[in-house]
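# Descriptive analysis of the structure
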Amino acid sequence: MPTVPSATATNTATAPDTAPVPIHSVRPVVLPAPSRGDDLQVRVSAPATGTDLPVIVFAHGYAQSMTDYDPLVDHWTANGFVVVQPTFLDSAKLGLAPDDARTPTIWQTRVDDLVRVLDELDALVAALPGLAGRVDLGRIAAAGHSWGGQTVGMLLGARVVGPDGRPGASRRDDRVTAGVLLATTGLGEDDLTPFAAEHFSFMSPDFDELTVPSIVVAGDHDQSALSTRGPDWFTDVHHLSPGSRHLVTLVGGEHSLGGIHAYGSASTTDESPARVDAVRRTTTAFLQEALGTRPGAWASAAASVDPDVARVESKEAATLRRVDGSRPDRSRR
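Residues numbered from 1 in each chain as written. Predicted model: local features only at pLDDT ≥ 70, side-chain atom pairs only at ≥ 80, totals over all residues. Heavy atoms only, no water.

Okay, the environment of G258 next. Assignment of secondary structure puts G258 in the loop between β11 (244-250) and α7 (273-290). Once the C-alpha coordinates of G258 and P71 are considered, the two residues, 187 residues apart in sequence, prove to be 10 Å apart. In contact with G258, other than residues within four places in its own chain, are T268, D270, E271, S272, R275 and V276. (Helix = DSSP H or I, 4+ residues; strand = E, 2+ residues; numbered from the N terminus. Contact = heavy atoms within 4.5 Å.)

Another point: the packing of α7 against helix α8 (residues 297-304). Interhelical geometry of α7 versus α8 gives an angle of 165 degrees and a closest axis separation of 7 Å. Our classification of the angle between α7 and α8 gives roughly antiparallel. Considering only the axes of α7 and α8, their crossing is left-handed. On α8, the residues that touch R281, T282, A285, F286, Q288 and E289 of α7 are A297, W298 and A301. Across the contact of α7 with α8, the residue classes tally to 5 nonpolar, 2 polar and 2 charged. (Axes fitted to C-alpha atoms, helices over the stretch in contact; angles between N-to-C directions. Parallel < 35°, antiparallel > 145°, perpendicular 65-115°, else oblique. Left-handed = near helix turned anticlockwise from the far one by under 90°. Nonpolar A, V, L, I, M, F, W, Y, C, P; charged D, E, K, R; others polar.)

For the rest of this paragraph, the subject is the pattern of salt bridges. For side chains of opposite charge, pairing can occur when their charged atoms come near one another. Under the counting rule described, the total for this entry stands at 17 salt bridges. Among the ionic pairs, D38 bridges to R102, the shortest N-O distance being 2.8 Å. In this pair, D38 is assigned in the loop between β2 (20-31) and β3 (40-47) and R102 in the loop between β5 (82-86) and α2 (106-119), connecting sequence segments 64 residues apart. Under the relative-accessibility criterion, D38 is labelled partly exposed at 29%. Put simply, D70 and R43 hold a salt bridge, and the shortest N to O gap is 2.9 Å. With D70 in helix α1 (residues 70-78) and R43 in strand β3, this pair connects stretches of sequence that are 27 residues apart. In the salt-bridge network here, residues are joined through shared partners; they are D191, R229, D232 and D236. (Salt bridge = Lys/Arg side-chain N within 4 Å of Asp/Glu carboxyl O. Buried < 20%, exposed > 50% of the residue type's maximum accessible area, 1.4 Å probe, protein only.)

Structure representation (structure tokens):
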């Protein structure tokens, strides 16, 4: 049984063209996880009103936690979603030592944590007073940023290429029927720097079985120290996965995509409310359409995107290619 705090936090957010929407949030909801070494802490946020609310399970980036990404969470909840945010073992708030025996397998534990969250959704919903009976557990999406994007990608069907050059076991979870992949790492092997290849060998995805309908968001100035390529590395998951429907490329966007992880963060080198708003509006509309809560939402949102802020590309117009025009070398996989 989860451990639930006695109080909830209340906030307000604004959905497009509406009055502020009251939001309730509770944290930490603690899910026992003896084999993990630390119990799993989770935050649950939801609009104060509404029924048949779909769920977004969100995976944070490296060193972040359940308390980050309010610019996204506030918008999604204001638009009728329940957002569930686990804190993974790599979070700086847990202070796991680099030589901890669990460190090499955190990439796998992250997926285990998401599965645990999906298994315990009834209990997590019940932990937020007034939320039980208002959630549609048949409509579940998963979203993730950076390392969280890779974690979520595995729930959507992506696999990790092993030392033998073959894709490993699938962690696809059929309960998740839509995905949001934000600044998600691309192909591995020769596309990784020597440091990344040595320390993050799991960062070598195969996207052939990522078939769940998804949206990909990348920044055209996101130059990773982990890749030998340019910002187009973060678009591989769109061009190479059967499931990706749309690619939103932020003009001038770096890895924080304008500052999606916090309001007014000093660590955001490309802070831009306009970029963040483009991420919020396009991902919200995609999820509303993909989960069947607002048919036609995507076309309206895509048409409203300022081309000076973001470029929108749909899969119908895309081919299996890299942004620089060359075809990816699939033989390496």
